[in-house]
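Report on the structure
Spelled out, the chains give:
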Amino acid sequence: MTTTTNSTSVRLPKIHLDKSVVGRLETLASAMMRRSPEVGERLMDEIARAKLVAPGKLRDDVVTIGNEVTYRDLGTGRLQTVFVVYPEEADIGQLRISVLTPVGVALLGLSPGAAISWITRDDETRQLEVVTVKPPT
């Protein structure tokens, strides 16, 4: 799948998702369509393009719910470490970001070395690269 920006073709990185979480993610994305359609649509697009993996077969270095992820903002070079969680577990003070945030959707399914563009809530396009992924403890 490719996305066109400024007449340039950008290849999206491959993503993998545990098929046991896909149903809940689709439900969350559908509910998000009313409040923030761009985030809901982006999550649905990511689910649609993902390679679905049987439960327990997803590699430990793939971003999924509960993982600790360190990523680099390629615009600023700043490193950020977060945990990707379901909305009800989100707490920015504890670095727990919801999968229903623009950066949460962007990180989902990526592995170290993968880079992707995402659009902030302020409509700014940013690019991030996954540095490390640690499974839930």
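Because the structure is a prediction, the values reported are computed rather than measured.

A short note on the pattern of salt bridges
If you walk through the whole model with that rule in mind, you get eight salt bridges. The residue glutamate 46 makes a salt bridge to arginine 42 at a minimum N-O spacing of 3.9 Å. Here glutamate 46 pairs with arginine 42, and both are found in helix α2 (residues 37-49), just four residues apart, close to one helical turn. Between lysine 134 and glutamate 68 there is a salt bridge, with the nearest N and O atoms lying 3.9 Å from each other. Residue lysine 134 is located in strand β9 (residues 125-134), and its partner glutamate 68 is located in strand β5 (residues 68-73); the two are separated by 66 residues in the primary sequence. With relative accessibility at 23%, the residue glutamate 68 sits in the partly exposed group.

Some remarks on the side chain of glutamate 46
According to the relative accessible area criterion, glutamate 46 is buried, its value standing at 3%. Among the polar contacts listed, one links the side chain of glutamate 46 to the side chain of arginine 49, at a separation of 2.9 Å.

Structural notes on the sheet that holds strand β7 (residues 96-98)
Spatially, β7-β6-β5-β9-β8 is the arrangement adopted by the five strands of the open sheet, whose pairing is mixed. The sheet is open, and its two borders are formed by β7 and β8 (115-119), each paired with just one other strand. Geometrically, the sheet is characterised by an average inter-axis angle of 45° between neighbouring strands, direction not taken into account. The pairing of β8 with β9 spans five bridges and is antiparallel.

Observations concerning the packing of helix α1 (residues 19-35) against α2
Relative to each other, α1 and α2 sit at 155°, their axes nearing to 6 Å. As judged from the angle between their axes, α1 and α2 are roughly antiparallel. Like other packed secondary-structure pairs, α1 and α2 cross with a definite hand, here left-handed. Residues Val22, Leu25, Glu26, Ala29, Ser30, Met32, Met33 and Arg35 of α1 form the contact with α2, whose participating residues are Pro37, Val39, Gly40, Glu41, Leu43, Met44 and Ile47. A class-by-class count of the residues in the contact of α1 with α2 yields 10 nonpolar, two polar and three charged.

Focus on the packing of aromatic side chains
The tally for this structure, following the rule as stated, stands at zero aromatic pairs. Across the ring face of tyrosine 86, the terminal group of arginine 24 is positioned such that the distance to the ring centre comes to 3.6 Å.

Some thoughts on the nonpolar core
With 35 residues, the main nonpolar core has Val99, Leu107 and Leu128 as its most contacted residues. Elements with a minimum of two residues in this core: α1, α2, β5, β6 (79-85), α3 (102-107), β8 and β9. Tallying contributions element by element places α1 first for this core, with six residues. Leaving out residues up to four positions away in the same chain, leucine 128 has contacts with Tyr71, Arg72, Leu74, Val103, Ala106, Leu107, Leu110, Ala114, Ala115, Ile116 and Trp118.

Comments concerning a negative patch on the surface
Together, Glu38, Glu41, Asp45, Asp122 and Asp123 line one region of the surface with negative charge. Of note, aspartate 45 is situated in helix α2. Aspartate 45 sits in the partly exposed class, given a relative accessible area of 41%.

Let's talk about the pairing of β9
Side chains on a regular strand alternate between the two faces of the sheet. Taken together, the six bridges between β5 and β9 define a ladder with antiparallel strand orientation. Directly across from threonine 70, in β9, lies its bridge partner threonine 132. Counting the residues in the hairpin turn of β8 and β9 gives five residues, including aspartate 123, whose phi is positive at 65°.

About the cut-offs
- Here, residues in each chain are numbered from 1, in the same order as that chain's written sequence.
- Reporting in this predicted model follows two pLDDT cut-offs: at least 70 for local features of residues, and 80 or more for side-chain atom pairs to be given and counted; totals over whole chains, interfaces and linings ignore these cut-offs and use all residues.
- As a rule here, side-chain values come from all non-hydrogen atoms in the structure, and water together with hydrogens is ignored.
- Basic side-chain nitrogens of Lys or Arg form a salt bridge, by our definition, when they fall within 4 Å of a carboxyl oxygen of Asp or Glu.
- Numbering of helices and strands runs from the N terminus; a helix is a DSSP stretch of H or I covering at least four residues, while a strand is a stretch of E covering at least two.
- A 1.4 Å probe rolled over the protein chains alone gives each residue an accessible area, and that area as a share of the maximum for its type sets the label: buried under 20%, exposed over 50%, partly exposed in between.
- The definition of a polar contact used here is a pair of N or O atoms within 3.5 Å, where within protein one atom must be able to donate a hydrogen and the other to accept one, and adjacent residues in sequence count solely through side-chain atom pairs.
- Strand pairing is assigned whenever DSSP identifies at least 2 bridges connecting the two strands.
- Each axis is a line fitted through C-alpha atoms, and for a helix only the stretch in contact is used; angles between axes span 0 to 180 degrees, taken between their N-to-C directions.
- In this scheme, roughly parallel covers angles under 35 degrees and roughly antiparallel covers those over 145, while 65 to 115 is roughly perpendicular and the rest are oblique.
- Handedness of a helix crossing follows the sense of rotation of the near helix relative to the far helix, less than a right angle counterclockwise being left-handed and clockwise being right-handed.
- Here, two residues are considered to be in contact whenever any of their heavy atoms come within 4.5 Å of each other.
- Gly counts as polar in this scheme, as do all residues outside two lists: the nonpolar Ala, Val, Leu, Ile, Met, Phe, Trp, Tyr, Cys and Pro, and the charged Asp, Glu, Lys and Arg.
- Classification of ring pairs rests on two measures: the distance between centres of Phe, Tyr or Trp rings, Trp counted by its six-membered ring, which must be within 6.5 Å, and the angle between planes, read as stacked under 30 degrees, edge-to-face over 60 and tilted in between.
- Counted as over-ring charges are cases with an Arg CZ or a Lys NZ within 6 Å of the ring centre that also lie within 35 degrees of the ring normal.
- To form a nonpolar core, buried Ala, Val, Leu, Ile, Met, Phe, Trp, Tyr and Cys residues must be joined to one another through side-chain atoms within 4.5 Å.
- For patch detection, residues must exceed 30% relative accessible area and be free of salt bridges, and they are connected within 9 Å for like charges or within 5 Å for nonpolar side chains (Val, Leu, Ile, Met, Phe, Trp, Tyr).
- Surface exposure here means Shrake-Rupley accessible area, sampled with a 1.4 Å probe, where a residue is shielded only by the protein chains that are shown.
- Within this scheme the basic residues Lys and Arg register as positive and the acidic residues Asp and Glu register as negative, but His and the chain ends are omitted.
- Working definition for charges: the position is that of NZ of Lys, CZ of Arg, CG of Asp or CD of Glu.

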